[in-house]
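These are the residues of each chain, in order.
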Amino acid sequence: MPYTVDFKTVSTAGLESSPVAEAAAGLRANEARYFRNKYNHVFVVNPASELPEVVDRVSRILREERDIVIESRPLEATAFQVEDLHMAYVFYESGLAINVMYSLEDGKRAVGFKLADGMEIPAELESKFKFARQKSKLAGTIRGSYFVIKGEYPPTPAQPQP
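These numbers come from a predicted model, not from an experiment. (Residues numbered from 1 in each chain as written. Predicted model: local features only at pLDDT ≥ 70, side-chain atom pairs only at ≥ 80, totals over all residues. Heavy atoms only, no water.)

### Description of the overall build of the protein
Then, number 1: A count of helices and strands for the protein gives three helices and eight strands.
Then, number 2: What you see in the protein, going N to C, is helices and strands ordered as β-α-β-α-β-β-β-β-α-β-β.
Then, number 3: Computed over C-alpha atoms, the radius of gyration of the protein comes to 14 Å, within 12% of the 15 Å expected from 2.2 N^0.38 for 162 residues, which places it in the range of a compact globule.
Then, number 4: Considering only C-alpha atoms, the protein reaches an extent of 40 × 35 × 30 Å along its principal axes.
Then, number 5: Within the protein, the proportion of its 162 residues that are buried is 51%.
Then, number 6: Within the protein, contacts between residues at least 6 apart in sequence are counted, and of these 60% link residues at least 24 apart.
Then, number 7: Accessible area for the protein stands at about 8200 Å²; split by element, carbon and sulfur atoms hold 50% of it.
Then, number 8: Here the protein contributes 20 positive and 22 negative side-chain charges, whose respective centroids are spaced 7 Å apart. (Helix = DSSP H or I, 4+ residues; strand = E, 2+ residues; numbered from the N terminus. Rg over C-alpha atoms; globule rule 2.2 N^0.38 Å. Buried < 20%, exposed > 50% of the residue type's maximum accessible area, 1.4 Å probe, protein only. Contact = heavy atoms within 4.5 Å. Areas by Shrake-Rupley, 256 points an atom, 1.4 Å probe, with all protein chains shown as cover. Lys, Arg positive; Asp, Glu negative; His and termini not counted. Charge placed at Lys NZ, Arg CZ, Asp CG, Glu CD.)

In structure tokens:
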């Protein structure tokens, strides 16, 4: 069932099983606020089990590009297009959020990692990335990193928006 993320009233709906549910909800709301303010896009997520093609694509990119397999269970996912960017997100039980930005026009592609406040850096990422810190009113301290995608991974169709 789709869930429209509200960045004014942060809710842990869909993330309750996370040990850092409040911070993960703040991180998800932070992403929703960014897309609303920059692109006037409403950020909608689904249970990951309802969007296996999104989770599989993100997992494939991580595995093929950097030999990374995320150990945490995916809780939510989304895929959408804003302007010429196709975006895919997976939110994990650990508090990790991964996004894939895939430009449809200029070939710019990247994977971004964001860690919810209070979570440890996952072992599968710890030795491969350095994480910069960013303050957020919604999410506390967000730690983030990214890498540029070199291969071709055509986007999955964007999910319908309410």
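Picking up where we left off.
### Thoughts on the side chain of glutamate 31
Then, number 1: Mapped onto the fold, glutamate 31 is located in helix H1 (residues 21-39).
Then, number 2: There is a polar contact of 2.7 Å between the side chain of glutamate 31 and the side chain of lysine 114.
Then, number 3: Glutamate 31 has contacts with Phe43, Tyr89 and Lys114, leaving out every residue within four places of it along the chain. (Polar contact = N/O pair within 3.5 Å; in protein donor to acceptor, adjacent residues only side chain to side chain.)

### Quick word on the packing of aromatic side chains
Then, number 1: Across all of its chains, the model carries 14 aromatic pairs by this definition.
Then, number 2: Between phenylalanine 113 and phenylalanine 147 the ring centres are 6.1 Å apart and the planes differ by 40°, which places this aromatic pair in the tilted class. Of the two residues, phenylalanine 113 is situated in strand E6 (residues 109-115) and phenylalanine 147 in strand E8 (residues 140-148); the sequence distance between them amounts to 34 residues. For the pair phenylalanine 113 and phenylalanine 147, a shared accessibility class is recorded, and that class is buried.
Then, number 3: Ring centres 6.0 Å apart and planes at 20° place the aromatic pair phenylalanine 129 and phenylalanine 147 in the stacked group. A residue pair is termed long-range when its members are at least 10 positions apart, and phenylalanine 129 in the loop between helix H3 (123-126) and strand E7 (132-136) and phenylalanine 147 in strand E8 qualify at 18 residues.
Then, number 4: Phenylalanine 147 gets classed as buried once you look at its relative accessible area, which sits at 2%.
Then, number 5: Three or more aromatic residues link up through ring pairs in this structure, and these residues are Tyr34, Phe35, Tyr39, Phe43, Phe80, Tyr89 and Phe91.
Then, number 6: Across the ring face of tyrosine 102, the terminal group of arginine 57 is positioned such that the distance to the ring centre comes to 5.2 Å. (Phe/Tyr/Trp six-rings, centres within 6.5 Å; stacked < 30°, edge-to-face > 60°. Lys NZ or Arg CZ within 6 Å of the ring centre and 35° of its normal.)

### Focus: helix H2 (residues 52-66)
Then, number 1: Compared with the 21 Å implied by 1.5 Å per residue over 15 residues, the 21 Å span of H2 between its first and last C-alpha is a close match.
Then, number 2: Residues of H2 that are buried sit in contact with strand E3 (74-82), strand E4 (85-92), strand E5 (96-103), E6 and E8. (Expected span 1.5 Å × (residues − 1).)

So yeah, pure geometry; function would need other evidence.
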